[in-house]
Amino acid sequence: MAKPLQLAIPLCLLQAREPDIQIECEAGRIESWDHYQNDFQCAGVAAQRITIEPNGLHLPSYTHSPQLMYIVEGWGVMMTALPGCPQTFELSQGSEQVQEEGQGFDDLERHQKVRFIGEGDIIAIPPGIVHWAHNNGNSSLVAVSLLDICNDLNQLDRNPRRFYLAGNPEDEFNRQEGEDISQEDEFDQQEGEGISYEQRRRSGQGSNYNNNIFAGFDTSLLADALNVNIETAMKVQGQIDQQRSQIVRVEGKFGFLHPPIRSSHWQRTQQEQQDEHQGLQGRHDNGLGESMCNIALKQYLGDPRRADVYTPQAGRINTFNSNDMPILKQMSLSAETGFLYNNAIYSPHWNLLAHEIFYVIRGSARVQVVNDNGETIFDDEVRQGQLFIVPQNHAVLQKAIDNQGFQYIAFKTQDNAIINTMAGRTSVLRALPDDVLANAYQISQEEARMLKYNRQETLVLSSSSSS
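Just so it is clear, the structure is predicted and the values come from calculations on it, not from any experiment.

1. Focus on the side chain of aspartate 402
Step number 1: Checked against the element boundaries, aspartate 402 lands in the loop between strand S23 (395-400) and strand S24 (406-412).
Step number 2: One buried charge, aspartate 402, has no salt-bridge partner; the nearest side chain with opposite charge is arginine 383, at 9.7 Å.
Step number 3: Ignoring anything within four residues of it in the chain, the contact list for aspartate 402 reads Asn342, Gly363 and Ser364.

The following block contains the structure:
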């Protein structure tokens, strides 16, 4: 989906950034990058890093824009509650648990599918879809999310919002009163669309929003709609415990229905994909409803065996697009994850139709970005936990400079983003005739052929002796 031109915002202020806003919760924290920064405004995106401690529950919520979530580390479970779909996970009347507890049919546990998630998983979350996550492991569950707030599916403005169904959440995307803003940040943002940074940040659009969406209804009307008593309705609205944050610690036993657990995350993922495929084959398509209820929303990108690009001396790249998951075509998003060995180079390239948002998972790299005037607008070392943006059609070159290598996840604002490389076997230089190169660069025919054919790899390049 096309992105509107941002004529008032120059594409020249790129930085490797760490989160600007941090919210400490009862059982974790939520960190957000300041979406008012110039490069985020250019790309029309927002980003978050969510950390859930063991036995923590990230309360049910939804966003108004398409979202891709990548699990950086840890293990847990997650549900995306699809509207109008049946609760396909349920206890049968003849099960041992039902007989022991003496439950009737109306008392049986039923819910939609709960998915196991772990390091290397990527989850697509369409706008308006409620989702929650629970850390049932022994270490922190860390996820990084991209929200495409400039996407055509977002019918609101370009301020990121998260709507919670429970708790009394703090504003995740705007600095609160009393937080410091550096002079450099304020100067960078003041002229966008003729409104000052402070005015836009404190305009009231989503700022200081500290209630869940049930809280705005009249308590009596809500109790009547839910067919519950007033006290229960007040609890739903968050009136009883007004300090309840977005990530809470589960009290007592936390259970849900699920098939037998496999011994490894890879085996669980394979079984889930097989079950979904068999479920689709076993149903007769009855239009959009059934398609939506059976749609795939998760894929495992952490398996080196499914690498799309691999160079033994340099590293690998895994891609994720609408060919892998059809819902991405509607969401107009895609991603890739890669691991470069120390000194390996990602071929210099540009994205034809997408902005690219990189998050560094491990290691570090030197990154350079060049604009249409041939100016280096970004030249810096990026390291673990940082995020940087490469605008559409801007050339980028990355070289791993860490003994751990360079591991990243890159989100792209197009469902099947295509790149044009500047070095390697599939580069644009290979496509040009020798005479064009010789005359363009004032080099000999022999030098032109060396320029075209000296690199035999495609994307992931080993370091040459001349570099």
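2. A word on the nonpolar core
Step number 1: By size, the foremost hydrophobic cluster in this structure holds 60 residues, and its most contacted members are Leu68, Tyr70, Ile122, Ile409 and Phe411.
Step number 2: Contacts of phenylalanine 411, omitting those with residues within four sequence positions, involve Leu68, Tyr70, Ile122, Val144, Leu146, Ser334, Ala335, His355, Glu356 and Ile357.
Step number 3: Counting residues in hydrophobic clusters, the runner-up holds 25 residues, among them Leu14, Ala344, Val369 and Leu459.

3. Here we look at the packing of aromatic side chains
Step number 1: Evaluated as defined, the whole model comprises 8 aromatic pairs.
Step number 2: Considering the side-chain rings of phenylalanine 339 and tyrosine 341, the 5.6 Å spacing of their centres and the 70° angle between planes classify their relative orientation as edge-to-face.
Step number 3: The rings of Tyr346, Phe358, Phe378, Phe388, Phe406 and Tyr408 are connected pair by pair, giving a single aromatic cluster.

4. A closer look at helix H6 (residues 230-237)
Step number 1: Of the residues that open H6, the one with a side-chain oxygen 3.3 Å from the backbone nitrogen of glutamate 231 is asparagine 229.
Step number 2: Trailing H6 by a residue or two, glycine 238 shows a phi angle of about 85°, which is positive.

5. Quick look at the pairing of strand S6 (residues 75-81)
Step number 1: For S6, a buried count of 5 out of 7 residues is recorded, marking the element as mostly surrounded by other parts of the structure.
Step number 2: Examined bridge by bridge, S6 and strand S9 (residues 115-118) share 4 bridges and lie antiparallel to one another. Note that in S9 the partner of valine 77 across the bridge is phenylalanine 116.
Step number 3: Direction of pairing for S6 relative to strand S11 (residues 130-134): antiparallel, over a ladder of 5 bridges. From the neighbouring strand, alanine 81 faces S11, where its bridge partner is valine 130.

6. What to know about helix H11 (residues 434-441)
Step number 1: Every buried residue of H11 is accounted for by Asp434, Leu437 and Ala438. Along H11, the residues classed as buried sweep out an arc of 100° about the axis, all on the same side. Those residues of H11 that are exposed and aimed more than 90 degrees away from the buried face are Asn439 and Ala440.
Step number 2: Along its buried surface, H11 packs onto helix H10 (428-431) and helix H12 (445-453).
Step number 3: Phi turns positive one or two residues past the end of H11, at glutamine 442, with a value near 55°.

Scoring rules and cut-offs
Residues numbered from 1 in each chain as written. Predicted model: local features only at pLDDT ≥ 70, side-chain atom pairs only at ≥ 80, totals over all residues. Heavy atoms only, no water. Helix = DSSP H or I, 4+ residues; strand = E, 2+ residues; numbered from the N terminus. Buried < 20%, exposed > 50% of the residue type's maximum accessible area, 1.4 Å probe, protein only. Lys, Arg positive; Asp, Glu negative; His and termini not counted. Salt bridge = Lys/Arg side-chain N within 4 Å of Asp/Glu carboxyl O. Contact = heavy atoms within 4.5 Å. Core = buried A, V, L, I, M, F, W, Y, C linked by side-chain atoms within 4.5 Å. Phe/Tyr/Trp six-rings, centres within 6.5 Å; stacked < 30°, edge-to-face > 60°. Polar contact = N/O pair within 3.5 Å; in protein donor to acceptor, adjacent residues only side chain to side chain. Pairing = 2+ DSSP bridges. Arc of directions from axis to C-beta.

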